[in-house]
Amino acid sequence: PRAVLCQGVADYWRFRQGTWQWDLLHDGRLTTSKMGPALGIYEGVAQRSLGVPQSLAGHHKALHAWDHLCSTVPPRDEALNAEHAPGA
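This report concerns the structure included in the present document. No experiment lies behind these values; they were computed from the predicted model shown. (Residues numbered from 1 in each chain as written. Predicted model: local features only at pLDDT ≥ 70, side-chain atom pairs only at ≥ 80, totals over all residues. Heavy atoms only, no water.)

What follows concerns the side chain of K34. Tracing the chain through its elements places K34 in helix α2 (residues 32-39). For K34, which is buried and forms no salt bridge, the nearest opposite charge comes from D27, at a distance of 8.1 Å. Apart from the residues lying within four places of it in its own chain, the contact partners of K34 are H64, A65 and H68. (Helix = DSSP H or I, 4+ residues; strand = E, 2+ residues; numbered from the N terminus. Buried < 20%, exposed > 50% of the residue type's maximum accessible area, 1.4 Å probe, protein only. Lys, Arg positive; Asp, Glu negative; His and termini not counted. Salt bridge = Lys/Arg side-chain N within 4 Å of Asp/Glu carboxyl O. Contact = heavy atoms within 4.5 Å.)

This is how it looks when you write it as structure tokens:
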């Protein structure tokens, strides 16, 4: 992967999933991966009614989604540039 210089919102798509920048862009945002837990799909009655496998069920998913949504403020563009990388 090559380095990405973020100069604004138009550059956000350039960050690959799994990078610290991608994680930073998704902190505090309701994404598709957090939608099910936020709606309670993995909780008791809903899980059984919808036929969600038991292995995917659990209240901890809703708690994790809540923590994620409350975690941070969306980043400023300069925070996404390599010189600001964690541990840099």
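Now that the structure is up, let's keep going.
For the rest of this paragraph, the subject is helix α4 (residues 59-70). For α4, built from twelve residues, the straight-helix expectation of 16 Å at 1.5 Å per residue is met to within 8% by its first-to-last C-alpha distance of 17 Å. The complete set of buried residues in α4 reads A62, A65 and H68. With its buried residues spanning 125 degrees around the axis, α4 presents them on a single face. For α4, the exposed residues set more than 90 degrees away from the buried face come down to H60 and W66. (Expected span 1.5 Å × (residues − 1). Arc of directions from axis to C-beta.)

Summed over all chains, the structure comprises one salt bridge. Between R14 and D11 there is a salt bridge; the shortest N-O distance is 3.2 Å. Taking the relative accessible area as the measure of exposure, R14 reaches 33% and is therefore partly exposed. Look at D11 and you get buried, because its relative accessible area is 13%.

For the structure shown, the criterion picks out zero aromatic pairs. When the ring centre of Y42 is taken as reference, the NZ or CZ atom of K61 above it lies at 5.0 Å. (Phe/Tyr/Trp six-rings, centres within 6.5 Å; stacked < 30°, edge-to-face > 60°. Lys NZ or Arg CZ within 6 Å of the ring centre and 35° of its normal.)

Moving on: the environment of L30. Its place among the elements puts L30 in the loop between α1 (20-26) and α2. Note: C-alpha distance between L30 and H68 (38 residues apart in sequence) is 8.5 Å. Apart from the residues lying within four places of it in its own chain, the contact partners of L30 are M35, A38 and L69.

This brings us to a nonpolar patch on the surface. Among the surface-exposed residues, L30, M35 and L39 lie close enough to one another that they form a single nonpolar patch of about 290 Å² accessible area. The class of L30 is partly exposed, set by a relative accessible area of 47%. (Patch = residues over 30% accessible without salt bridge, like charges linked within 9 Å, V, L, I, M, F, W, Y side chains within 5 Å. Areas by Shrake-Rupley, 256 points an atom, 1.4 Å probe, with all protein chains shown as cover.)

What follows concerns the packing of α2 against α4. At a closest axis distance of 8 Å, the pairing of α2 and α4 adopts a crossing angle of 125 degrees. The orientation of α2 relative to α4 falls into the category oblique. Considering the relative orientation of α2 and α4, their crossing is left-handed. Here K34, P37 and A38 of α2 come into contact with α4, specifically with K61, A62, H64, A65 and H68. Considering only residue class, the contact of α2 with α4 consists of four nonpolar, two polar and two charged. (Axes fitted to C-alpha atoms, helices over the stretch in contact; angles between N-to-C directions. Parallel < 35°, antiparallel > 145°, perpendicular 65-115°, else oblique. Left-handed = near helix turned anticlockwise from the far one by under 90°. Nonpolar A, V, L, I, M, F, W, Y, C, P; charged D, E, K, R; others polar.)

So, to be careful, I would describe these as geometric facts and stop short of saying anything about function.
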